[in-house]
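Next come the chains, spelled out residue by residue.
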Amino acid sequence: MLFRSVNNVNKSKSALDLINVVPNPYYAYSTYETGRIDNRVRITNLPNKCKIKIFTLNGTLVRTFDRDVSGQEDIVITESEFNRSKRLPYQDWDMKNQSGISVASGLYIIHVDVPGVGEKILKWFGVMRPLDLQSY
């Protein structure tokens, strides 16, 4: 039987405070983007298992991510005293809805639900750049 101590529950709940979305606000550019037509923000400091839902201000569901990397093993690579793990503590959002259509500029609500721990609500503002037609 598995018992949780009070300290572990408190640490898990305080870890929810570290969850964030970057950059916020997004002004048509992010350092995470890889090209001219790539739009990307990152939801950081996520646990291994959680559900992320992104909503518009009027409550319309834009995108859902079911994150579960708990089955992945850790592969530790030492690079000048820094350890890297195979499990990434973030989720990239390409600023598209479930159908693959880019979202409009505006304010969005990001709801992160961590089973057995709690939930975190983030507010994110993004200004999208015009469509780059030179790439087509």
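Just above, that's the structure.
Notes on the structure follow. Every chain is numbered on its own, with residues counted from 1 as its sequence reads. Residue-level local features of this predicted model are given only where pLDDT is at least 70; pairs of side-chain atoms are given and counted only at 80 or more, and the full residue set underlies all totals for whole chains, interfaces and linings. Just so you know, side-chain values use all the structure's heavy atoms and leave hydrogens and water out.

Our focus in this paragraph is the overall build of the protein. Secondary structure assignment for the protein yields 1 helix and 10 strands. A run of H or I in DSSP becomes a helix once it reaches four residues, and a run of E becomes a strand once it reaches two; helices and strands are each numbered from the N terminus. Secondary structure elements in the protein, listed N-terminal to C-terminal, are α-β-β-β-β-β-β-β-β-β-β. The classification of residues rests on relative accessible area computed with a 1.4 Å probe and restricted to protein chains. Under 20% of the type maximum is buried, over 50% is exposed, and intermediate values are partly exposed. Buried residues in the protein amount to 28% of all 136 residues. Contacts are assigned to residue pairs that have any heavy atoms within 4.5 Å of one another. For the protein, the proportion of contacts with a sequence separation of at least 24, taken over those separated by at least 6, is 56%. Element-wise, carbon and sulfur atoms account for 53% of the exposed surface of the protein, whose accessible area totals about 9200 Å². What sets the accessible areas is the Shrake-Rupley method with a 1.4 Å probe; for residues, cover comes only from the shown protein chains.

The next point concerns the packing of aromatic side chains. Centres within 6.5 Å make a pair out of two Phe, Tyr or Trp rings, where for Trp the six-membered ring is used; the pair is then stacked when the planes are under 30 degrees apart, edge-to-face when over 60, and tilted otherwise. According to the stated counting rule, one finds 4 aromatic pairs in the structure shown. By the ring-pair criterion, three or more aromatic residues cluster together here, those being Tyr26, Trp93, Tyr108 and Trp124. Seen from the ring of tyrosine 90, arginine 42 lies directly overhead, with NZ or CZ sitting 3.7 Å from the centre. For a Lys NZ or an Arg CZ to count as sitting over a ring, it must be within 6 Å of the ring centre and within 35 degrees of the ring normal.

On to the sheet that holds strand S9 (residues 106-114), then. Pairing between strands requires that DSSP locate at least two bridges from one strand to the other. Taken together, the 5 strands give an open sheet; going across it, the order is S2-S10-S9-S4-S5, and neighbouring strands pair in mixed fashion. Edge positions in the sheet fall to strand S2 (26-27) and strand S5 (61-68), since each has one partner strand and no second. Across 6 bridges, the pairing between strand S4 (residues 49-56) and S9 is antiparallel. The residue of S9 that forms the bridge with lysine 53 is histidine 111.

This next bit is on unusual backbone geometry. The residue after valine 22, namely proline 23, is reached through a cis peptide bond having omega -10°. Mapped onto the fold, proline 23 is located in the loop between strand S1 (20-22) and S2. At the junction of asparagine 24 and proline 25, the peptide bond is cis and its omega measures out at 10° in the coordinates. In the Ramachandran plot, asparagine 45 falls in the positive-phi region, its phi being about 60° despite a non-glycine side chain. On the secondary structure map, asparagine 45 appears in the loop between strand S3 (41-44) and S4. The residue methionine 95 is not glycine, and still its phi comes out positive at about 60°. Within the secondary structure, methionine 95 sits in the loop between strand S8 (91-93) and S9.

Within the open sheet, the 3 strands sit side by side as S1-S3-S8. Their pairing is antiparallel. One side of each edge strand has no neighbouring strand; the edge strands of this open sheet are S1 and S8. Strand-to-strand twist in this sheet, taken as the mean axis angle between neighbours without regard to direction, amounts to 25°. Here an angle of 0 to 180 degrees is reported between the N-to-C directions of two axes, which are lines fitted to C-alpha atoms, with helices fitted over the stretch in contact.

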